[in-house]
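Breakdown of the fold
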Amino acid sequence: MGLTVYYDWKTKTDLPDARRLIAKFRALALKLPFDDVTEIYEQDPPDGKSAFQMYESPFQQGGLHLPRKRADGEEEIVHVPPLHALFFYVRVEGSESAAIGLASHPQVVVHHEDIIERRKDGSESGRHIGQGDPIEFPTRRRGYYSWHSFCKTQYAGNPKLGGEPNFLKAHLSLIELLDQIKEAGLKVRIRDDSKYAKHRDVDRLLSSLRDWDAIVARFVGKFSDALGGDAGAMIAPIKERPDFEHLEAKGIGVLRRIAARQRRRKKDSS
């Protein structure tokens, strides 16, 4: 939970061009004020020869989760493993590392449908993920390299790490890199919890950050109270802030304001 940027892209390209593109993306990142830009990693090169640092972790990078509409009209998610991936990470202190990459995927995967239990009125009462019959799912990724990832930038705003200026460095640098990847010719989609990617208003971005800080502090405070004597076992970055209690108190007002706005929208739409 927290202010996060979600992003994805795809491009129709081949292996040599994918390697050229990822090198270009890293060169762009190096010109931005990130605290750290890693080397490029290559996972499962199809020609057996890695052009970059070989990635040998058992945890694969570059997988996709694509929506599938079932015959009954319900939607479920299909995991599509990568065939080949090229990627690197960028980071500003306090923010999550953002993975930037390209991955190829199989044309078709075998997917096991979910088993859905229903009540007498037809509503869903339970779902057993991947426990049903196998079906072939076309990924529509033939000839494409694509990527999907996300990065929580909110905690770069911790006053101990430089506060709001440090958050702006993290958030704006990531959005700028995504913009430049789009300018390189890729079809890029961005979903930004602060909506900054659409409005590009720094004051609105900071207002959203302050609301998110208050909301997260309120939820963490509530859970800590519920845990009682075990509260110390709860780990949350927001608790490390020196103004945590102030944010927790502020969260009540923010949540009330959001609830009132939702009620107005519901009333206006009825």
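The model shown is predicted, which means the values in this text are computed figures rather than measured ones.

**Remarks on the overall build of the protein**
Helix and strand counts for the protein stand at five helices and 14 strands. With the C-alpha coordinates of the protein rotated into their principal frame, the extents come out at 60 × 55 × 45 Å. Going through the 270 residues of the protein one by one, you find that 44% of them count as buried. A fraction of 67% describes how many contacts in the protein between residues 6 or more apart in sequence connect residues 24 or more apart. Summed over its atoms, the accessible surface of the protein is roughly 15400 Å², and 51% of this surface lies on carbon and sulfur atoms. One way to put it: in the protein the 44 positive side-chain charges average out to a point 6 Å from where the 40 negative ones average out.

**A word on unusual backbone geometry**
Not every positive phi belongs to a glycine, and R140 is a case in point at roughly 60°. Checked against the element boundaries, R140 lands in the loop between β12 (134-138) and β13 (144-152). Taking relative accessible area as the criterion, R140 reaches 72% and is therefore assigned exposed. Positive phi values are uncommon outside glycine, yet R200 reaches one of about 55°. Structurally, R200 is set in the loop between α3 (196-199) and α4 (202-227).

**Description of the environment of A217**
With respect to the element layout, A217 can be found in helix α4. As for A217 and G251, which are separated by 34 residues in sequence, their C-alpha atoms are 6.8 Å apart. In contact with A217, other than residues within four places in its own chain, are I238, F244, L247 and E248.

**A look at the packing of aromatic side chains**
Going through the model one piece at a time under the given rule, you end up with eight aromatic pairs. Relative to W9, the ring of Y7 has its centre 5.6 Å away and its plane inclined at 20°; by these criteria the two rings are stacked. For W9, a relative accessible area of 2% puts it in the buried group. Members of the aromatic cluster, each reached through a chain of ring pairs, are Y41, Y55, F87, Y89 and W147.

**A few points about the pattern of salt bridges**
For the structure shown, the criterion picks out 21 salt bridges. For E74, the salt bridge identified is with R118, shortest N-O distance 3.4 Å. Of this pair, E74 sits in the loop between β5 (64-69) and β6 (75-80) while R118 sits in strand β10 (residues 115-118); the two residues are 44 residues apart in sequence, bridging distant segments of the chain. Taking relative accessible area as the criterion, E74 reaches 26% and is therefore assigned partly exposed. Counted as one network, the salt bridges with shared partners bring together R68, R70, D72, E74, E76, E113, D114, R118, E124 and R127.

**Here we look at the nonpolar core**
The biggest cluster of nonpolar side chains holds 46 residues, and the ones touching the most others in it are W9, F25, F88, L102 and L177. Elements that contribute at least two residues to this core include exactly β1 (4-12), α1 (15-30), β7 (84-91), β8 (98-104), β13, α2 (163-183), α3 and α4. Considering each element in turn, this core owes the most residues, eight residues, to α2. For F25, the residues in contact, after removing those within four places along its chain, are F88, I100, L102, L177, I181, A184 and L186. Judged by nonpolar contacts, the second largest core, of eight residues, contains Y155, V216, V220 and L247.

Conventions and cut-offs
Residues numbered from 1 in each chain as written. Predicted model: local features only at pLDDT ≥ 70, side-chain atom pairs only at ≥ 80, totals over all residues. Heavy atoms only, no water. Helix = DSSP H or I, 4+ residues; strand = E, 2+ residues; numbered from the N terminus. Buried < 20%, exposed > 50% of the residue type's maximum accessible area, 1.4 Å probe, protein only. Contact = heavy atoms within 4.5 Å. Areas by Shrake-Rupley, 256 points an atom, 1.4 Å probe, with all protein chains shown as cover. Lys, Arg positive; Asp, Glu negative; His and termini not counted. Charge placed at Lys NZ, Arg CZ, Asp CG, Glu CD. Phe/Tyr/Trp six-rings, centres within 6.5 Å; stacked < 30°, edge-to-face > 60°. Salt bridge = Lys/Arg side-chain N within 4 Å of Asp/Glu carboxyl O. Core = buried A, V, L, I, M, F, W, Y, C linked by side-chain atoms within 4.5 Å.

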